[in-house]
Amino acid sequence: MLLRAAAASASSLSFFNPNAEPPRSVIVRGKNASGLVVCAAKGSTNHRALTGVIFEPFEEVKKELDLVPSVPQASLARQKYVDESEAAVNEQINVEYNVSYVYHGMFAYFDRDNVALRGLAKFFKESSEEEREHAEKLMEYQNKRGGKVKLQSIVMPLSEFDHADKGDALYAMELALSLEKLTNEKLLNLHGVRQVATKNGDVQLADFVETEYLGEQVEAIKRISEYVAQLRRVGKGYGDFQVFCKVELNYGYE
Ligand SMILES: [Fe+2]
Ligand SMILES: [Fe+2]
């Protein structure tokens with residue numbers, strides 16, 4: 001009752017400005033019958049000032065309740081997650097899987113009995129697993145946001161890595177460096193989509209890309225760049241190469 005009276009009082013003051021509707025924040029002033037000056041701000045601010053209530057959950061939740069999907073195909077959790085973000089996350093899953101597949105091919109090559117560079121085999125096996133984990137983390141994120149994971153085809157990787165001038169170890173490591181840089185480019189594209197997402201109020205995607213991927217990616221580029229530099233320094237000499245694997249990759253030979 002008090003609320004209705006207050007609202008009526010506020011609206012009755014609008015005749016003091018007959019030519020135009022005052023903006024929501026404008027304070028309307030006038031004298032009442034007893035000669036006292038009264039003020040009323042049009043809009044919710046006034047309502048809050050009058051009632052002392054700043055959050056009315058059962059009123060405000062009504063519009064959210066209307067948005068809860070009823071069809072079973074639709075995600076219940078999805079909120080502020082635009083289609084462009086969903087597609088970009090699926091694309092990045094494919095990038096990570098492709099890189100994982102290439103590294104797995106490198107593991108298989110260096111693990112051969114007539115190649116037998118176990119340190120590099122182990123390094124690329126772990127790298128392959130790490131890239132797959134990156135893909136899986138993106139899948140979990142896609143589901144968390146209410147998107148749908150759509151796996152795409154992956155390309156058949158190389159199975160031979162020998163190179164007449166560079167040798168197989170340097171060639172494979174340079175290839176790995178190029179792949180990491182390419183992955184970084186793709187992540188920056190996702191970062192571009194992130195800006196679109198941020199405009200839609202999706203700061204969660206921004207936080208996810210930055211904290212989980214961008215920092216780690218530049219670390220990987222630095223690490224593999226150092227391996228390339230060291231492999232160039234030791235050349236194709238097998239003895240030096242053993243030392244490189246033991247000291248730098250921390251993988252010994254049995
Ligand atoms: Fe990755
Ligand atoms: Fe990586």
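In the annotation of an unreviewed UniProt entry, the entry for the protein reads Ferritin, and the organism field reads Mucuna pruriens. Heading Sequence similarities (unreviewed entry) of the UniProt record for the protein holds this comment: "Belongs to the ferritin family." Among the UniProt annotations of the protein, the heading Subunit (unreviewed entry) holds the following wording: "Oligomer of 24 subunits. There are two types of subunits: L (light) chain and H (heavy) chain. The major chain can be light or heavy, depending on the species and tissue type. The functional molecule forms a roughly spherical shell with a diameter of 12 nm and contains a central cavity into which the insoluble mineral iron core is deposited."

Engineer: Explanation requested: the overall build of the protein in the structure shown.
Structural biologist: If you tally the helices and strands in the protein, you get eight helices and two strands. Ordering the α and β elements of the protein from the N terminus gives α-β-β-α-α-α-α-α-α-α. Of all 254 residues assigned to the protein, the portion counted as buried reaches 22%. Here the contacts in the protein between residues at least 6 apart in sequence split such that 65% fall between residues at least 24 apart.

Engineer: Explain the nonpolar core to me, please; I cannot follow it from the model alone.
Structural biologist: The nonpolar side chains of a soluble globular protein tend to be buried with one another. Ranked by internal contacts, the top residues of the largest apolar core, which has 21 residues, are M106, F110, L120, F124, A169, A172 and M173. Those elements giving two or more residues to this core turn out to be α4 (83–110), α5 (118–145), α6 (167–199) and α7 (203–234). The element contributing the most residues to this core is α4, with seven residues. Within the second largest apolar cluster, 11 residues are counted, among which are V89, I93, L187 and Y213.

Engineer: Can you help me understand the packing of α4 against α5 in this one?
Structural biologist: Two elements in contact, α4 and α5, have axes whose closest approach is 8 Å; the angle formed by their N-to-C orientations is 165°. As judged from the angle between their axes, α4 and α5 are roughly antiparallel. Here α4 runs over α5; the crossing is left-handed. Tallied by class, residues from the contact of α4 with α5 come to 15 nonpolar, eight polar and five charged.

Engineer: Please clarify how the UniProt feature "binding site: Fe cation" (unreviewed entry) in the protein should be interpreted in this entry.
Structural biologist: Mapped onto this structure's residue numbering, the UniProt feature "binding site: Fe cation" (unreviewed entry) falls at E96, E131, H134, E180 and Q217. Over a stretch of 122 residues, the named residues converge on one spot in the fold, their C-alpha atoms separated by at most 12.7 Å. Of note, E96 is situated in helix α4. Setting aside residues up to four positions removed in sequence, E96 forms contacts with E131, H134, A135 and L138. Tracing the backbone shows E131 in helix α5.

Engineer: Looking at this model, I keep getting lost on α7. Mind explaining?
Structural biologist: Its 32 residues give α7 an end-to-end C-alpha distance of 47 Å, which sits within 8% of 46 Å, the value for a rise of 1.5 Å per residue. The sharpest bend along α7 comes to roughly 35°, located at E210. Among the residues making up α7, those that are buried are L205, V209, Y213, A220, I224, Y227 and L231. Count one or two residues on from α7 and you reach G235, which has phi positive near 70°.

Engineer: How do you make sense of unusual backbone geometry when you look at a structure like this?
Structural biologist: A negative phi angle characterises most non-glycine residues, just as the trans form characterises most peptide bonds. Despite not being glycine, K80 has its phi angle at roughly 55°, a positive value. Residue placement: K80 occurs in the loop between α3 (57–67) and α4. Of note in the backbone geometry, A116 takes a positive phi value of approximately 55° without being a glycine. Relative to the assigned elements, A116 resides in the loop between α4 and α5.

Engineer: Is there a simple way to think about the confidence of the model for the protein in this case?
Structural biologist: A low pLDDT means the predicted coordinates there should not be read in detail. For the protein, mean pLDDT is 80; residues scoring 70 or higher make up 72% of the total. Across residues 20–30 the pLDDT falls below 50, and counting only partners more than four positions away or on other chains, this stretch makes 21 contacts in the model. A low-confidence stretch, residues 36–43 (pLDDT under 50), is modelled with 22 contacts involving residues beyond four sequence positions or located in other chains.

Engineer: Can you walk me through the environment of N189 in this structure?
Structural biologist: Among the structural elements, N189 can be located in helix α6. Between the C-alpha atom of N189 and that of A88, which follows or precedes it by 101 residues, the distance is 8.2 Å.

Engineer: How should I be thinking about the environment of E126 in this particular structure?
Structural biologist: Locating E126 in the fold gives a position in helix α5. We classify E126 as partly exposed; it has 14 C-beta atoms within 10 Å.

Engineer: Just to check I follow, could you spell out the environment of V218 for this structure?
Structural biologist: Of note, V218 is situated in helix α7. Spatially, the C-alpha atoms of V218 and K181 are 8.5 Å apart, while their sequence positions differ by 37 residues.

Reading the values: the criteria
Residues numbered from 1 in each chain as written. Chains lettered and ligands numbered in written order. Predicted model: local features only at pLDDT ≥ 70, side-chain atom pairs only at ≥ 80, totals over all residues. UniProt positions renumbered as here; feature names shortened; annotations may be inferred. Helix = DSSP H or I, 4+ residues; strand = E, 2+ residues; numbered from the N terminus. Buried ≥ 20, exposed ≤ 12 C-beta atoms within 10 Å, placed from the backbone. Contact = placed C-beta atoms within 7 Å. Core = buried A, V, L, I, M, F, W, Y, C linked by C-beta atoms within 7 Å. Axes fitted to C-alpha atoms, helices over the stretch in contact; angles between N-to-C directions. Parallel < 35°, antiparallel > 145°, perpendicular 65-115°, else oblique. Left-handed = near helix turned anticlockwise from the far one by under 90°. Nonpolar A, V, L, I, M, F, W, Y, C, P; charged D, E, K, R; others polar. Expected span 1.5 Å × (residues − 1). Bend = angle between axes of the 7 residues up to and from the residue. pLDDT = per-residue confidence, 0-100.

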